[in-house]
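# Understanding the architecture of this molecule
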Amino acid sequence: DGVYVDGKQMRLLCGEVHYFRIMPQYWKDSLEKLRACGLNTVSTYCPWNAHEPAEGKFDFDGILNLRKFLQTAQDLGLKVMLRPGPYICSEWDTGGLPWWLGIKPDIRLRTRDPQFMAAVEKYMDRILEEAKPYFCNNGGPIIAIQIENGYASFGNDVQYIADIADMVKKSGFEGILYTSDGDSDTRIHSKNPKGIWKTLMTGTKLAENIKLIRKAQPDLPAMISEYWVGQGLRLGVKMRTRDYESMAKELDEILADGAHVCCYMFHGGTNFGLYNGALKDVPGAREYIPFASSYDVDAVLTEAGDTTPKYDAFRKVFLKYNPEASKYKVPANSTKKAYGKINFTKAAP
C-alpha cells in the first residue's frame, strides 16, 4: 500500500539529474533547486560506455565521480533511485553500451549471451562497488535500483532481467528493485521476475496510464518513474514544447490519486564529448537522425541550470504534497559571462 523508508511511509517525489551531463561544480546547485522544488528524491542513470571506455579500464573521475554525486545528495537529505543499466537509452550513444562490445564475434546484446553477460557482470560489480557505501542498508540514500531500462520495448526474456537483478542482490543491496517501461498496454503488461516493482515511463495521459499500471500490477503502488516533461533535441527537428500549466494540472491529478512520480528531466544538462545518441528506422523517418549535444529537453531547469516558469508551476504542485520543503529557499540562478566569439572551421557529418 505504499513505499516505506526506515519504517515510515514515503511519497517518492523525484527529479532526474544526470551527474555525467552537468559539471561537478554545479551538482549541488541543481540538487538544491530540486529539493526547493518540493522533491525528496533524485534519480540518475549511470553510463557504462563512459565509465568503461576500454574493456577493463574504469573511470570515476571528474564528471564521472559517482560517489561525489551520491555524497552531495546525501548531504542535502535526498534519497536516490540509481539506474546503472547496463542499457540506459537516455538519448545517449548506444544507450550506454560500450563500443568494444560490438567487436566481439557473434555477440548478442541485451540477451543472456555468455559474452554479453560476462561483460555486464564485471561492469555491474564495479559500478555497484562505487555505490555500495550509499546503499540504504548501509545508512546511505540509495533506496531503489533499476534493472535494465525499457526492456519491454526490446525483448521478453524474464530470466535476463532476473539474472541482472541477481547481480544487484549479490552486491549486498537490500532496497527496492524496479523496472521502467513505456506507456503501451503491451509493455505495461510485460512480465517481471517476482519481487521486482514495475514502474511506468510516459509523457501524456498520466491518469489514464496510472489506471493501466494499476490494472497490470494491482498489489503494488503506482509510479511514473519517467514523467517526460520535455523532448530530446534532434538535429534538424524543431524543438517541441508543451504548456507547462496543463502539465502541472495533470501532475496534481495523479499525485492527488496517490501516485509516485519522477520528472524526466529535472535538469537535462549537456551531452559532453561524443555521447549524444541517434535514431535510425524511427516511424516516418528512416534516415539516421543524431541528437544534439544539448540535453536541455525543455526540462524543469534549463541546460544552464536556471529555474523556469515550468519550475514555478511544478513547485506549487509538489509543495502541496511535501509542504515541509517550503523551508528551502530557491537558489539564485548562476551569473552568466560572455566569452567572446568562437569560430568553428571544421565539421563532420
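Structure shown above.
The present account deals with the structure reproduced in this document. Note that the structure is predicted; figures quoted are calculated from it, not measured. (Residues numbered from 1 in each chain as written. Predicted model: local features only at pLDDT ≥ 70, side-chain atom pairs only at ≥ 80, totals over all residues. Heavy atoms only, no water.)

## A few points about the pairing of strand β8 (residues 197–202)
Burial runs high along β8: six of the six residues are buried. Every second residue of β8 is oriented toward a common face, with Trp 197, Thr 199 and Met 201 on one face and Lys 198, Leu 200 and Thr 202 on the other, all of them buried. Summarising the sheet, strand β7 (residues 176–181) and β8 pair through four bridges and their orientation is parallel. The residue bridging Tyr 178 from the neighbouring strand is Trp 197, located in β8. Where β8 meets strand β9 (residues 223–228), three bridges bridge the pair, whose relative direction is parallel. Paired with Leu 200 across the bridge in β9 is Ile 224. Following the backbone out of β8, through helix α7 (residues 206–216) and into the adjacent parallel β9, one traces a crossover that is right-handed. (Buried < 20%, exposed > 50% of the residue type's maximum accessible area, 1.4 Å probe, protein only. Helix = DSSP H or I, 4+ residues; strand = E, 2+ residues; numbered from the N terminus. Pairing = 2+ DSSP bridges. Right-handed = clockwise from strand over helix to strand, strands pointing away.)

## Examining the pairing of strand β6 (residues 142–146)
β6 sits mainly inside the fold: five of its five residues count as buried. Note: strand β5 (residues 79–83) against β6, three bridges, orientation parallel. When the bridges of β6 are listed, Met 81 appears paired with Ala 144. In this fold, the crossover linking β5 to β6 by way of helix α4 (residues 114–131) has right-handed handedness. Pairing of β6 with β7, which is carried by three bridges, proceeds in the parallel orientation. Bridge pairing in β7 links Ala 144 to Ile 176.

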